[in-house]
Amino acid sequence: MLGRRCAVILGLLACAAAAGEARAQAQAPLRIISFGAHPDDCELKSAGVGAKWAALGHKFKCVAVTNGDIGHAGIAGGQLALRRRAEAKAAAKILGTENEVLDIHDGELMVTLENRRTISRLIREWQADVVISHRPNDYHPDHRYTGVLVMDAAYMVQVPFFGPDVPPLRRNPVFLFSEDRFQKPNPFSGDIVVAIDDVIEKKLAVVAAMESQFYEGGCCDVPPGGIPRDGAAREARQKEVRDLFSRRFEATAERFRSRLAARYGDQRATGIKFAEAFEVCEYGRQPDEKEIRRLFPFFP
Ligand SMILES: [Zn+2]
């Protein structure tokens, strides 16, 4: 009799603990960390969703895995790295998010044990629920290796004696890839597509704030005739950049219109102009529909 009573009491205690944990999970801010190879990649791919999470009190951090110190046609080295770090900080301020730029040379990122440890440590320290990165078949070696390093961390963040100086995560985060257009060996699948119309001005302000990359054209897209410095030409160039990136962010909504319809309903989806898209990486936790709604609390 006593044994049965104990079992009932223990069962109730376990239920209460589970309910408490579920409540804590429901209340705690979500924690998202998004890796880009250079100081602008995370912003181009996930600034919209980052701003939406931040607006609801969740924690979003962009990490540039390299310092971007060769990403300009006219300057390079420490001077450029400092400039791009300042641009990334300005972007984070616009979005209400956090930011870190690792001091690894642009164009020289390698898949090393040291870098795997660094990425795992950053994910653990952030206590990430969601991790975003490039796919490993992107065009730029730094993008590809960022993708590989993050994928390599997708299991190791839970392994207690890998990098034991930072406690392991209790649950594997959900790992997502940001959108690209590469087709081989397989095209990007837009598993989760988010409308970002409400934050598009913030995202375009981020593009404007990263002058070295977009206004000035970065390493390889310098405007024909040089970088305009005077009033009217400067305004024209600013408009050109804004229009170019507006079209780019519109193209994502166009590409995944049917996904948007499934998520937001046909009528609303027709009016959505801008979007960001993500593919679920199979090495992280696999979210079901209920969990996708918990992690993306702005879905209707
Ligand atoms: Zn890049």
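Going by the structure above, here's the rest.
So, here is what we can say about the structure in this document. (Residues numbered from 1 in each chain as written. Predicted model: local features only at pLDDT ≥ 70, side-chain atom pairs only at ≥ 80, totals over all residues. Heavy atoms only, no water.)

**Let's talk about the overall build of the protein chain**
What counts is decided by this rule: To qualify as a helix, a DSSP run of H or I must reach at least 4 residues; to qualify as a strand, a run of E must reach at least 2; elements of each kind are numbered from the N terminus. Every radius of gyration here is taken over C-alpha atoms, with the globule rule written as 2.2 Å times N^0.38, N being the number of residues. Exposure is judged per residue with a 1.4 Å probe applied to protein chains only, and the accessible area is read against the type maximum: over 50% gives exposed, under 20% gives buried, and values in between give partly exposed. Only heavy atoms matter for contacts: two residues are in contact if any of them lie within 4.5 Å across the pair.
A count of helices and strands for the protein chain gives 10 helices and seven strands. Taken over C-alpha atoms, the radius of gyration comes to 21 Å for the protein chain, in line with the 19 Å a tight globule of 300 residues would show. Projected onto its principal axes, the C-alpha coordinates of the protein chain cover approximately 90 × 50 × 35 Å. Counting only residues that meet the buried cut, the protein chain has 49% of its 300 residues in that class. Excluding contacts between residues fewer than 6 apart, the proportion of contacts in the protein chain whose partners are at least 24 apart in sequence is 78%.

**Description of the environment of D180**
Cut-off, in case you're wondering: Whenever two N or O atoms come within 3.5 Å, that pair is a polar contact, provided that in protein one can donate a hydrogen and the other can accept it, and provided that, for residues adjacent in sequence, both atoms are side-chain atoms.
Along the chain, D180 turns up in the loop between β5 (174-178) and β6 (192-195). We classify D180 as buried; its relative accessible area is 3%. When the C-alpha positions of D180 and I75 are compared, they lie 28 Å apart, and in sequence the two are 105 residues distant. Ignoring anything within four residues of it in the chain, the contact list for D180 reads K45, R135, D138, F188 and R255. Side-chain polar atoms of D180 contact the side chain of R135, separated by 2.7 Å. Of the polar contacts made by the side chain of D180, one reaches the backbone nitrogen of F182; its length is 3.0 Å.

**Remarks on the pattern of salt bridges**
Cut-off, in case you're wondering: Should a side-chain nitrogen of Lys or Arg be within 4 Å of a carboxyl oxygen of Asp or Glu, the pair is scored as a salt bridge.
Inspection of every chain in the model, using the stated rule, returns 22 salt bridges. Residue R263 is joined to E289 by a salt bridge in which the shortest nitrogen-to-oxygen separation is 2.7 Å. A residue pair is termed long-range when its members are at least 10 positions apart, and R263 in helix α8 (residues 257-264) and E289 in helix α10 (residues 289-295) qualify at 26 residues. Salt bridges sharing common partners tie together R83, E87, E216 and R229.

**Notes on the coordination of the zinc ion**
Keep this limit in mind: As a rule, N, O and S atoms within 2.8 Å of a metal are its donors, except that Na, K and Ca use 3.2 Å; water is not among the atoms, so sites may look incomplete.
Of the protein atoms, only H38 (ND1), D41 (OD), D41 (OD) and H143 (NE2) coordinate the zinc ion, at distances of 2.1 to 2.6 Å. Between consecutive donors of the zinc ion, the numbers of intervening residues give the motif H-x2-D-x101-H.

**Considerations on unusual backbone geometry**
The amide bond that connects K184 to the next residue, P185, takes the cis arrangement and shows omega of 0°. For P185, the position within the fold is in the loop between β5 and β6. If you check the backbone angles, Q127 has positive phi at about 55° while not being a glycine. Mapped onto the elements, Q127 comes out in the loop between α4 (113-126) and β4 (130-133). We classify Q127 as partly exposed; its relative accessible area is 47%.

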